[in-house]
Amino acid sequence: MDTFDLSRRLAAEALGTGILVATVVGSGIMAETLTKDVALALLCNTLPTGAILVVLITVLGPISGAHFNPAVTLVFTGKRELPVQEAVLYVIAQIAGGIAGTMAAHLMFALPVIDFSMKARTGGAQWFAEFVAAFGLVATILAGIRFQRTAVPWLVGLYITAAYWFTASTSFANPAVAIARSLTNTFSGIRPVDLPGFILAELCGAFVGMLLMNWLLGRPAVRGPVKIAETSR
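All of these numbers come straight from a predicted model, not from anything done at the bench.

Asks: Explain a nonpolar patch on the surface to me, and be specific about the residues and the numbers.
Replies: Together, Met103, Leu107, Val113, Ile114 and Phe116 make up a nonpolar patch on the protein surface, roughly 430 Å² of accessible area in all. Position of Ile114 among the secondary structure elements: in the loop between helix H4 (84–108) and helix H5 (124–147). Of the residues examined, Ile114 reaches a relative accessible area of 35% and is grouped as partly exposed.

This is how it looks when you write it as structure tokens:
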């Protein structure tokens, strides 16, 4: 990451978020086209999303860190690993890339370039689900970096694949993706009016996840060598 200048890192964040959103929206459109079974459609939406995350984090991670998510960017800013000025630019790039991803998916399926969603996703259960989704995502990333850095792409891809199914909200866990999904009136959409609740829940979940993992992953107490006398007790 240190070997790439800011412009390349921003391009990687925009590109990665754009491809991620194009996958989420495009696979949702394809699923709706092929089946009327909602559970099957969700599975068809889930698998490509988990798979593309593994690819994107693997190939773009060395350039920008592969955040693709304002909540993740804010976590690393909170950990003082990314300057505030750069974090703002990261978030702008992610949002712009996500919107471009929705537009690309619509163009591929001959739909209006922008079509505001009418799909309601709101209420306490949905907001709590997004809190849990973002919390788990941050915990997965931070623990993965600490213990098995090379496995992070797979860990994130698998976590999101699982979270699609165990959260009531189908695990957006990403403010930039949520904004982009408000611009598609298809399977993966969310009404623009429902965005504030989702985004606030995601940011809160990410923040709490960071706090917990900072404590949990803190340097463990070092115990002195075991004395011979202790082993004979």
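Now that the structure has been shown, the text picks up again.
Asks: Hey, could you go over the packing of helix H3 (residues 70–78) against helix H8 (residues 195–216) for me, with residue numbers and the actual values?
Replies: One can describe the packing of H3 onto H8 by two numbers: an axis separation of 9 Å at closest approach and a directional angle of 35°. In terms of crossing hand, the pair formed by H3 and H8 is right-handed. Listed contacts from H8 to Ala71, Leu74, Val75 and Gly78 of H3 are Glu202, Leu203, Ala206 and Met210. Split into classes, the residues belonging to the contact of H3 with H8 amount to 6 nonpolar, 1 polar and 1 charged.

Asks: Give me the side chain of Glu202: which residues, what numbers.
Replies: Mapping Glu202 onto the fold places it in helix H8. The charged side chain of Glu202 is buried without a salt bridge, its nearest counter-charge being Arg181 at 8.0 Å. Every residue in contact with Glu202, bar those within four places of it in the chain, is listed here: Ala71, Glu130, Ala134, Phe172, Ala173, Asn174, Pro175 and Ala178.

Asks: Explain the packing of aromatic side chains residue by residue, including any values.
Replies: Summed over all chains, the structure comprises 4 aromatic pairs. Considering the side-chain rings of Tyr159 and Phe166, the 6.2 Å spacing of their centres and the 75° angle between planes classify their relative orientation as edge-to-face. For Tyr159, a relative accessible area of 12% puts it in the buried group. Judged by centre distance (5.0 Å) and plane angle (70°), the rings of Phe172 and Phe198 are edge-to-face. Of this pair, Phe172 sits in the loop between helix H6 (152–166) and helix H7 (175–181) while Phe198 sits in helix H8, placing them 26 residues apart in sequence. Aromatic ring contacts, followed pair by pair, group Phe128, Phe131 and Phe135 into a single cluster. Over the ring of Phe187 we find Lys119, and its NZ or CZ is 4.7 Å from the ring centre. Sitting above the plane of the Phe172 ring, Arg181 keeps its charged end 3.6 Å from the centroid.

Cut-off values and rules
- Residues numbered from 1 in each chain as written.
- Predicted model: local features only at pLDDT ≥ 70, side-chain atom pairs only at ≥ 80, totals over all residues.
- Heavy atoms only, no water.
- Patch = residues over 30% accessible without salt bridge, like charges linked within 9 Å, V, L, I, M, F, W, Y side chains within 5 Å.
- Areas by Shrake-Rupley, 256 points an atom, 1.4 Å probe, with all protein chains shown as cover.
- Salt bridge = Lys/Arg side-chain N within 4 Å of Asp/Glu carboxyl O.
- Helix = DSSP H or I, 4+ residues; strand = E, 2+ residues; numbered from the N terminus.
- Buried < 20%, exposed > 50% of the residue type's maximum accessible area, 1.4 Å probe, protein only.
- Axes fitted to C-alpha atoms, helices over the stretch in contact; angles between N-to-C directions.
- Left-handed = near helix turned anticlockwise from the far one by under 90°.
- Contact = heavy atoms within 4.5 Å.
- Nonpolar A, V, L, I, M, F, W, Y, C, P; charged D, E, K, R; others polar.
- Lys, Arg positive; Asp, Glu negative; His and termini not counted.
- Phe/Tyr/Trp six-rings, centres within 6.5 Å; stacked < 30°, edge-to-face > 60°.
- Lys NZ or Arg CZ within 6 Å of the ring centre and 35° of its normal.

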